[in-house]
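For reference, the chains in residue letters:
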Amino acid sequence: MISDIIRRVISIARSIAQSPFLRQNAIFFIGSTVVSFLNYLYYPVLGRLLSPADFGEVQAIISFFLQTGVLLSVLSLVTINVVKRYPQPTDQAPLLAEIERIALWIGLIFCVAMAIASTWLQGLLNFTSPWPFLLLAFSVLLGVPGAFAGAYIQAHQRFTQLSTANILGAGSKLMFSAAFVLVGLRAVGAVMGVVASQILSLIYSTVVARRLGRQNSFRQYLVLRRPDVSLIRPELRYAGLVLLTSLAVNTILSLDILFAKHYFEPVEAGLYAGIATVARIIFFLTGPLTGVLVASVIPLGPAAANRDLLQRSVFLLMLLGGGALGLFVLWPGWVTSLLVGPRYIEVAHLLPTLSLAIFILSLANLLLLYQVALRRIWAAPAAVVGLVVIMGWLLRHHQSISDIVNGLLAGSIVLLISTLITGWWGKRVL
């Protein structure tokens with residue numbers, strides 16, 4: 001019996017070692033597990049160092065960061081696609097330079113807009129200071145070169161180096177944020193820690209990307225000029241597809257926290273932010289599977305090979321995400337107390353439903369980005385439909401925190417159904 005188990009384990013290990021896709025998933029999963037642990041250690045640590053009201057501010061800022069990072073994610077996915085389509089660095093360089101220049105202009109415009117709107121946002125979301133929004137603006141601008149360096153590394157499937165950059169960022173974020181909070185900077189200090197960690201991660205990612213052949217891109221940060229749109233016009237349709245899809249998914253992922261912060265008292269919104277943090281472990285636990293899938297799919301490659309990659313990714317997502325979902329459903333109180341502290345036990349009853357919503361959203365996101373990697377335009381309408389449903393629900397039903405959770409679940413279900421329908425129909429049409 002024991003010998004059979006040992007042989008089975010050895011067989012599985014050999015299959016992983018012999019399969020590049022499984023090996024890359026294993027490397028990226030191990031690295032991302034460490035990153036996820038550090039990222040979520042960030043929340044219980046800050047949850048104990050900050051009051052619920054201050055912790056709610058931190059979560060709202062992070063939700064804003066997810067939204068403002070959508071454009072960078074879009075351009076990063078376009079970067080990956082360009083590298084995959086044009087293997088020669090000399091063919092890639094002009095396109096990548098113009099794409100990054102567009103991102104730089106977007107970052108500058110966002111900085112100015114956020115600086116102007118910071119006081120208004122402070123009142124709208126019941127913040128004690130406008131400084132978190134000003135730091136957020138700088139963080140987004142700082143994220144432009146970091147996002148493109150990371151995308152270049154991912155496109156070359158160097159997941160060990162990519163994981164190292166992510167671990168460096170997550171670990172330093174925890175240390176810097178905790179230190180700044182301990183000296184009395186509260187929510188502002190937590191956001192300052194995020195900015196400091198970005199700087200360290202950027203330095204490492206830039207060095208690695210240069211070694212892989214990425215040309216020096218910092219010169220364009222010194223001399224601003226208008227992007228050459230004609231050069232990247234063939235990629236604009238794909239960029240629009242990625243933009244709509246990513247914007248819809250990221251909005252769904254963070255909309256509940258922003259609605260809670262707007263409609264409920266700071267303490268209640270902070271308690272909800274804590275339980276939402278626990279549920280989102282499922283999304284970030286399965287996120288590496290999506291990253292490996294997007295970097296592995298060949299847009300014009302054999303359909304059977306791409307479908308095989310998708311099937312393996314779905315199986316791994318069901319295994320990992322389903323395991324976490326089962327844990328959260330069976331022991332919500334224990335998990336909540338362990339991860340964010342006993343102060344959040346009173347909202348632990350929301351965790352099973354909220355976790356189910358995040359699990360469904362994770363599966364829909366994987367299927368959507370698979371279609372995006374294949375340049376199927378039908379992914380965008382599917383994502384927009386899910387966003388419209390959850391927006392409509394939350395605008396009509398926000399009398400209690402349970403309404404927020406039910407809205408997220410309804411939107412995730414509709415997103416998954418619309419993704420399956422448009423994916424099947426689009427494949428037949430195209």
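Residues numbered from 1 in each chain as written. Predicted model: local features only at pLDDT ≥ 70, side-chain atom pairs only at ≥ 80, totals over all residues. Heavy atoms only, no water.

Caption draft 1: Representation of the packing of aromatic side chains. Evaluation of the coordinates by the stated rule reveals two aromatic pairs. Aromatic side chains Phe176 and Phe180 sit 6.3 Å apart centroid to centroid with 15° between the ring planes, which places their arrangement in the stacked category. Remark: Phe180 and Phe176 occur in helix α7 (residues 159-211); sequence separation between them is four residues, near one turn of the helix. (Phe/Tyr/Trp six-rings, centres within 6.5 Å; stacked < 30°, edge-to-face > 60°. Helix = DSSP H or I, 4+ residues; strand = E, 2+ residues; numbered from the N terminus.)

Caption draft 2: Layout of the packing of helix α10 (residues 266-279) against helix α14 (residues 351-373). Following both chains from N to C, one finds α10 and α14 inclined at 50°, their axes separated by 9 Å at the closest point. The orientation of α10 with respect to α14, classified from their angle, is oblique. By crossing handedness, the relation of α10 to α14 is classed as right-handed. Contact residues: α10 offers Tyr272, Ile275, Ala276, Val278 and Ala279, while α14 offers Leu351, Leu354, Ser355 and Ile358. For the contact of α10 with α14, the class distribution of residues is eight nonpolar, one polar and no charged. (Axes fitted to C-alpha atoms, helices over the stretch in contact; angles between N-to-C directions. Parallel < 35°, antiparallel > 145°, perpendicular 65-115°, else oblique. Left-handed = near helix turned anticlockwise from the far one by under 90°. Contact = heavy atoms within 4.5 Å. Nonpolar A, V, L, I, M, F, W, Y, C, P; charged D, E, K, R; others polar.)

Caption draft 3: Just the pattern of salt bridges, in detail. All chains considered together, the criterion is met by one salt bridge. Between Arg280 and Asp256 there is a salt bridge, with the nearest N and O atoms lying 2.5 Å from each other. In this pair, Arg280 is assigned in the loop between α10 and α11 (281-296) and Asp256 in helix α9 (residues 229-263), connecting sequence segments 24 residues apart. When its relative accessible area of 5% is taken as the criterion, Arg280 is described as buried. (Salt bridge = Lys/Arg side-chain N within 4 Å of Asp/Glu carboxyl O. Buried < 20%, exposed > 50% of the residue type's maximum accessible area, 1.4 Å probe, protein only.)

Caption draft 4: Region of the structure containing a nonpolar patch on the surface. Residues Leu168, Phe176, Ile199, Leu200, Ile203 and Val207 make up a contiguous nonpolar surface patch of roughly 460 Å² in combined accessible area. Relative to the helices and strands, Ile199 is located in helix α7. (Patch = residues over 30% accessible without salt bridge, like charges linked within 9 Å, V, L, I, M, F, W, Y side chains within 5 Å. Areas by Shrake-Rupley, 256 points an atom, 1.4 Å probe, with all protein chains shown as cover.)

Caption draft 5: Representation of the packing of α10 against helix α13 (residues 332-340). Here α10 crosses α13 at 105°, and the two axes come no closer than 10 Å. Looking at the two axes, α10 sits roughly perpendicular to α13. Taken together, the residues of α13 that come into contact with α10 (itself represented by Gly274, Ile275 and Val278) are Val335, Thr336, Leu339 and Val340. Tallied by class, residues from the contact of α10 with α13 come to five nonpolar, two polar and no charged.

Caption draft 6: Examining α10 more closely. Taking 1.5 Å as the rise per residue, α10 with 14 residues should run 20 Å; its terminal C-alpha atoms sit 20 Å apart, in good agreement. Among all positions in α10, only Ala269, Gly270, Leu271, Tyr272, Ala273, Gly274, Ile275, Ala276, Thr277, Val278 and Ala279 are buried. (Expected span 1.5 Å × (residues − 1).)

Caption draft 7: Expanded view of the nonpolar core. Within the largest apolar cluster, 104 residues are counted, with the highest numbers of intra-cluster contacts made by Tyr42, Leu46, Tyr272 and Leu354. If near-sequence neighbours (up to four positions away) are discounted, Leu46 is found in contact with Phe55, Val58, Ser177, Ala178, Val181 and Ala190. (Core = buried A, V, L, I, M, F, W, Y, C linked by side-chain atoms within 4.5 Å.)

Caption draft 8: Seen up close, α7. Here α7 is 53 residues long, yet its end C-alpha atoms lie only 15 Å apart, well below the 78 Å a rise of 1.5 Å per residue gives. In the structure, α7 departs most strongly from a straight axis at Leu185, where the bend amounts to approximately 155°. Looking one or two residues beyond α7, the residue adopting positive phi is Gly213, at roughly 110°. (Bend = angle between axes of the 7 residues up to and from the residue.)

Caption draft 9: Highlighting the side chain of Asp256. Overall, Asp256 belongs to the buried group, its relative accessible area being 0%. Engagement of the side chain of Asp256 in a polar contact is seen with the side chain of Arg280, the distance being 2.5 Å. Excluding residues that lie within four positions of it along the chain, Asp256 makes contacts with Tyr272, Ala276, Arg280, Leu354, Ile404 and Leu408. (Polar contact = N/O pair within 3.5 Å; in protein donor to acceptor, adjacent residues only side chain to side chain.)

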